[in-house]
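# Report on the structure
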Amino acid sequence: MKSLYNVAEIRSIEHTMAAALPAGTLMQRAGEAATSAAREMLAGRKVLVLAGPGNNGGDALEVAATLAGANTDLDADVTVLHLPGAVAPSPETAQALARARASKAHFVDTLPLGRDWGLIVDGLFGIGLARPLAGDMRALVETINALGRPVLALDVPSGLDADTGAVIGPDGVAIHATRTITFIADKPGLHTYEGRDYAGQVQVAPLGIDPGQRPPAGARLNEPALFARHLAPRRHNSHKGSFGDVAVVGGAKGMAGAPLLAARGALFCGAGRVFVAAIDPVAAVDFAQPEIMMRDAQEFDSGDGTLVIGPGMGDSVTAMRVLFKALEGTAPLVLDADALNLLAASPDLQGRLAQRAAPAILTPHPLEAARLLGVTSGVVQGDRLAAARELASRLNAVVVLKGSGSVIANATGAAVINPTGNAGLATAGSGDVLAGICGSLLAQGWQAWEAALGAVWVHGAAADRLVAQGSGPIGLTAGELPVAARAVFNALAR
Ligand SMILES: NC(=O)C1=CN([C@@H]2O[C@H](COP(=O)(O)OP(=O)(O)OC[C@H]3O[C@@H](n4cnc5c(N)ncnc54)[C@H](O)[C@@H]3O)[C@@H](O)[C@H]2O)[C@@H](O)CC1
Ligand SMILES: [K+]
């Protein structure tokens, strides 16, 4: 299980472990693990180590001491930019400082000129960062980022909030790392919002702490194991009725493409029969995908099939009426796009959704989530896990908060961050495809929680597959996703 621990949880584990080990052990282990990572990354002899005022700086000093130590086989030329604070360092940091001072590393207190660093080690701030980087510290981070050299961040890229993945701001800065080695356990902020861009490749160094000894984490990373019980090869003796019906409700005038993309997402991930129930019908058949059956939303009865409601639906009276009817019915629902905006405008509809017994998945992007919560999208992005959990609990639904590191949350407070996907998904229609895949898995009998986890995973992995084949991220189109999602899904089911 890929657990994600927030700062409070990490501090509590640290407290327990530190009490059971000789003083300084955890920092020494952090230094050793980070030194191995640094050696793998070295792209030249000259190493710049940035050591800040706290224990993150202590970790950096351990790295400097080892890289420039008497016993090393490395011919590294280590420079330590040491920036002590006003208060005395912790005993373990003082010990690391003494070791580094005794090594061949040379100490400076301003950034040397030159840009030919084979590696920069970021030990300015870790999980103790309490306020935005300002003044000289801010200028230093901006200069380091502009050098464009390989950067190994210790624990967390300095300036990034390990809980939320937000650069601590307003208008903050953070170190742009090539790789982050994070200590004790993985952290949510490295995987969502701005975290994925700043952390680079994430490596966990457990520092000898057995994962089995850790208390359960508040969040985790998505992985197929979380929805594997629904993944099975199909039986020979099956028919289209075995895999459920999906009806995509949407498609107001001028927005006919959105429900078609959702319908293709549903079809290519295995739903038995797929309908588009259009608000303003434009065509009797989709010639590019004639398997999709076209209906008029006002006359359509979905029976007990799954409804994906919202893509291109608009905010007309008809749209509102169709949404009302869907909420009154007992069909499993996926609510997306305009359905979410209509919901945001109506406390009555929100109450009806919260009271329903049938499963519901909501797939808001940050602005739609913000409208539903009555806050700004900045507030949502500032703590994506909290926003997704709050929405899920208010509306009694599984919520997929889209964006880099999509967050899936449910009404009991569970939260999962999805690691698949890339910037190619930031394109019109990709959300419609995701909603369709969610509906497809619901229709095939998956529980809502697992359907959301599986759909988000497959959708992101489809985009990753397309990028690996050269079809993106620039110019990746939503229409390419369903076929790639089918390949990913079949590979998982095998
Ligand atoms: N949690 C653990 O068990 C372990 C922690 N270790 C390291 O210790 C780190 C946490 O150490 P600390 O709690 O000392 O915290 P940090 O080293 O992250 O930083 C805290 C220091 O920075 C100052 N500070 C905070 N925000 C500032 C700002 N905006 N501008 C200037 N100064 C600012 C604080 O006053 C304090 O002196 C971890 O991230 C990790 O790198 C490791 O030694 C291994 C074990
Ligand atoms: K750091």
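The rules behind the values
- Residues numbered from 1 in each chain as written.
- Chains lettered and ligands numbered in written order.
- Predicted model: local features only at pLDDT ≥ 70, side-chain atom pairs only at ≥ 80, totals over all residues.
- Helix = DSSP H or I, 4+ residues; strand = E, 2+ residues; numbered from the N terminus.
- Expected span 1.5 Å × (residues − 1).
- Buried ≥ 20, exposed ≤ 12 C-beta atoms within 10 Å, placed from the backbone.
- Near = placed C-beta within 6 Å.
- Nonpolar A, V, L, I, M, F, W, Y, C, P; charged D, E, K, R; others polar.
- UniProt positions renumbered as here; feature names shortened; annotations may be inferred.
- Contact = placed C-beta atoms within 7 Å.
- Domains from an automatic or database assignment.
- Axes fitted to C-alpha atoms, helices over the stretch in contact; angles between N-to-C directions.
- Parallel < 35°, antiparallel > 145°, perpendicular 65-115°, else oblique.
- Left-handed = near helix turned anticlockwise from the far one by under 90°.
- Pairing = 2+ DSSP bridges.
- Core = buried A, V, L, I, M, F, W, Y, C linked by C-beta atoms within 7 Å.

Moving on, we get to helix H15 (residues 448-468). The terminal C-alpha atoms of H15 lie 30 Å apart, and with 21 residues this matches the ideal 30 Å at 1.5 Å per residue to within 8%. The buried fraction of H15 amounts to 17 of the 21 residues, a majority that puts the element mostly inside the structure. Immediately beyond the C-terminal end of H15, within one or two residues, lies Gly 470, with a positive phi of roughly 95 degrees.

Further remarks concern the site of ligand 1. Taken together, 28 residues form the shell around ligand 1, and within it Glu 14, Gly 54, Asn 55, Gly 126 and Gly 128 come nearest. For the shell around ligand 1, the secondary-structure elements that each account for two or more residues are helix H1 (7-20), helix H2 (25-41) and helix H3 (55-67). Examining the composition of the shell around ligand 1, we find that 5 residues originate from one element, H3, more than from any other. A class-by-class count of the residues in the shell around ligand 1 yields 15 nonpolar, 9 polar and 4 charged.

What follows is about the UniProt feature "binding site: AMP" (unreviewed entry) in the protein chain. UniProt marks Lys 402, Gly 403, Ser 404, Gly 405, Ser 406 and Gly 431 with the feature "binding site: AMP" (unreviewed entry), using the numbering shown here. What stands out for the annotated residues spanning 30 residues is how close their C-alpha atoms remain, the widest pair being 14.1 Å apart. Inspection of the secondary structure assignment puts Gly 405 in the loop between strand S16 (398-401) and strand S17 (407-409). By the C-beta count within 10 Å, which is 26 here, Gly 405 ends up buried. Those residues in contact with Gly 405 that lie beyond four places of it in its chain are Gly 165, His 191, Thr 192, Tyr 193, Gly 195, Arg 196, Ile 417 and Asn 418. Along the polypeptide, Ser 406 turns up in the loop between S16 and S17. For Ser 406, a count of 27 C-beta atoms within 10 Å corresponds to the buried category. Every residue in contact with Ser 406, bar those within four places of it in the chain, is listed here: Val 400, Leu 401, Asn 418 and Val 456.

Domain assignment breaks the protein chain into domain 1 (3-217) and domain 2 (224-493). Placing the centre of domain 1 and that of domain 2 at their C-alpha centroids yields a distance of 40 Å. Contacts between the two partners involve 10 residues from domain 1 and, on the opposite side, 11 residues from domain 2. Classifying every residue of the side of domain 1 that touches domain 2 gives 4 nonpolar, 5 polar and 1 charged.

This part covers the packing of H3 against helix H4 (residues 91-102). Running from N to C, H3 and H4 cross one another at 25 degrees; their axes reach a closest spacing of 8 Å. Taken together, the axes of H3 and H4 are roughly parallel relative to one another. As H3 packs across H4, the resulting crossing turns out to be left-handed. Residues Asn 55, Gly 57, Gly 58, Leu 61, Glu 62, Ala 64 and Ala 65 of H3 touch H4, and the partners they reach there are Glu 92, Thr 93, Ala 96, Leu 97, Arg 99 and Ala 100. Here the residues of the contact of H3 with H4 sort into 6 nonpolar, 4 polar and 3 charged.

Looking now at the sheet that holds strand S12 (residues 293-296). Pairing is mixed in the open sheet, where 11 strands are placed in the order S1-S9-S18-S17-S16-S15-S14-S13-S10-S11-S12. Across the chains shown, the open sheet's two edge strands, defined by having one partner strand only, are strand S1 (3-4) and S12. Of the strand pairs in this sheet, strand S10 (residues 245-250) and strand S11 (residues 273-278) are connected by 6 bridges, and their pairing is parallel. Within S11, the position partnered with Val 249 by the bridge is Ala 277. Each of strand S9 (219-221), strand S15 (360-362), S16, S17 and strand S18 (415-417) touches helix H13 (residues 384-395); the most contacted strand, S16, lies at about 150 degrees to it.

Strand order in the open sheet formed by 7 strands is S4-S3-S2-S5-S6-S7-S8, and the pairing between neighbours is parallel. The open sheet terminates on both sides in strands that have one partner only, identified here as strand S4 (106-108) and strand S8 (201-205). Between one strand and the next, the sheet's axes are offset by a mean angle of 20 degrees, whatever the strand orientation. Bridging between strand S5 (residues 119-123) and strand S6 (residues 151-154) involves 3 bridges; their strand directions are parallel. In the strand pairing of S6, Val 121 is matched with Leu 152.

So, about the UniProt feature "domain: YjeF N-terminal" (unreviewed entry) in the protein chain. Following the UniProt record, one finds the feature "domain: YjeF N-terminal" (unreviewed entry) at residues 10-215. Counting secondary structure, residues 10-215 comes out at 34% helix and 17% strand; the distance between its end C-alpha atoms is 10 Å.

With respect to the helices, strands and loops of the structure, Leu 362 is situated in strand S15. Judged by the 29 C-beta atoms lying within 10 Å of it, Leu 362 is buried. Placed 191 residues apart in sequence, Leu 362 and Asp 171 show a C-alpha to C-alpha distance of 31 Å. Setting aside residues no more than four positions away along its own chain, Leu 362 makes contact with Leu 335, Leu 340, Leu 391, Leu 395, Ala 397, Val 399 and Val 400.

On to the nonpolar core. General note: in soluble globular proteins, nonpolar side chains tend to be found buried as a group. Core analysis: the largest hydrophobic core is formed by 169 residues, its most contacted members being Ala 64 and Ala 452. The dominant element in this core, judged by the number of residues it contributes, is H15, at 13 residues. Excluding residues within four positions of it along the chain, Ala 64 makes contact with Val 49, Val 78, Val 80, Ala 100, Ser 103 and Ala 105.

Checked against the element boundaries, Glu 291 lands in the loop between S11 and S12. For Glu 291, a count of 11 C-beta atoms within 10 Å puts it in the exposed group. Residues Glu 291 and Arg 273, 18 residues apart in the sequence, show an inter-C-alpha distance of 8.0 Å. The residues touching Glu 291, leaving out its near neighbours within four places in the chain, are Leu 267 and Val 274.

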